[in-house]
Amino acid sequence: MLDHIGLAPLLGAESCAEIFDSSCGLVHFTSALRYPVFVGESNYNGNPDMLKTPLLKSMIDKYLVEEALSLRKAVWLPLGPQAARALEYLSGRGLLDRQRVLTGLPHPSGANAERISYFLGRKSRESLSSKTNASTLDAALKKLRSQVHALSV
């Protein structure tokens, strides 16, 4: 998907697969919430709102802000709506360049196989299930390609 939006040349690579090689040094993995979070006995799923819950917001304000400030030239790829919200929050505070946050990629999990196939042009709009919103994916692809192009010039 990263190659499909044109990110590889921006990173000086032929394919984004190269950046995941352990010797490359171009990728940094992080989480909006640094430590595992449970609500009762269940994994955190976005509820309660991390930006309205003091403990969770403090993790973003301390740890994610530290990373954002040390990685000012990074391209950020939030995987999921909660990660995107955290990065939007930092962008709104002027701690991240909004143009460097590439929001809208389908989450790369098996549960999103149809969305990913459509996003990559491997599945036609006509063959999509009612659970996949083609217009949302089309808009995300257009926006992401535009953002990557703007970062390249």
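Owing to the predicted nature of the structure, the values given are computational and were not obtained by experimental measurement.

Reading the values: the criteria
Residues numbered from 1 in each chain as written. Predicted model: local features only at pLDDT ≥ 70, side-chain atom pairs only at ≥ 80, totals over all residues. Heavy atoms only, no water. Helix = DSSP H or I, 4+ residues; strand = E, 2+ residues; numbered from the N terminus. Expected span 1.5 Å × (residues − 1). Buried < 20%, exposed > 50% of the residue type's maximum accessible area, 1.4 Å probe, protein only. Contact = heavy atoms within 4.5 Å. Patch = residues over 30% accessible without salt bridge, like charges linked within 9 Å, V, L, I, M, F, W, Y side chains within 5 Å. Areas by Shrake-Rupley, 256 points an atom, 1.4 Å probe, with all protein chains shown as cover. Salt bridge = Lys/Arg side-chain N within 4 Å of Asp/Glu carboxyl O. Lys, Arg positive; Asp, Glu negative; His and termini not counted. Charge placed at Lys NZ, Arg CZ, Asp CG, Glu CD.

**A word on helix α2 (residues 54–70)**
So, step 1. With 17 residues, α2 should cover 24 Å at 1.5 Å per step; its first-to-last C-alpha distance of 24 Å lies within 8% of that length.
So, step 2. Residues of α2 that are buried include every one of L56, M59, I60, Y63, L64, V65, E67 and A68, and no others.
So, step 3. On its buried face, α2 sits against α3 (81–92).

**Some details on unusual backbone geometry**
So, step 1. Note that the residue after N47, namely P48, is joined by a cis bond; omega there is 10 degrees.
So, step 2. Along the chain, P48 falls in the loop between β2 (42–43) and α2.

**Notes on a negative patch on the surface**
So, step 1. There is a patch of like negative charges on the surface, built from D3, E14, E18 and D21.
So, step 2. We classify E18 as partly exposed; its relative accessible area is 38%.

**Side note on the pattern of salt bridges**
So, step 1. Scanning all chains against the criterion turns up eight salt bridges.
So, step 2. With a closest N to O distance of 3.4 Å, R34 and E67 form a salt bridge. Of the two residues, R34 is situated in the loop between α1 (7–10) and β1 (38–39) and E67 in helix α2; the sequence distance between them amounts to 33 residues.
So, step 3. For E67, a relative accessible area of 9% gives the class buried.
So, step 4. K62 is paired through a salt bridge with E66; the nearest N and O atoms lie 3.6 Å apart. Of this pair, K62 and E66 both sit in helix α2, separated by four residues, roughly a single helical turn.

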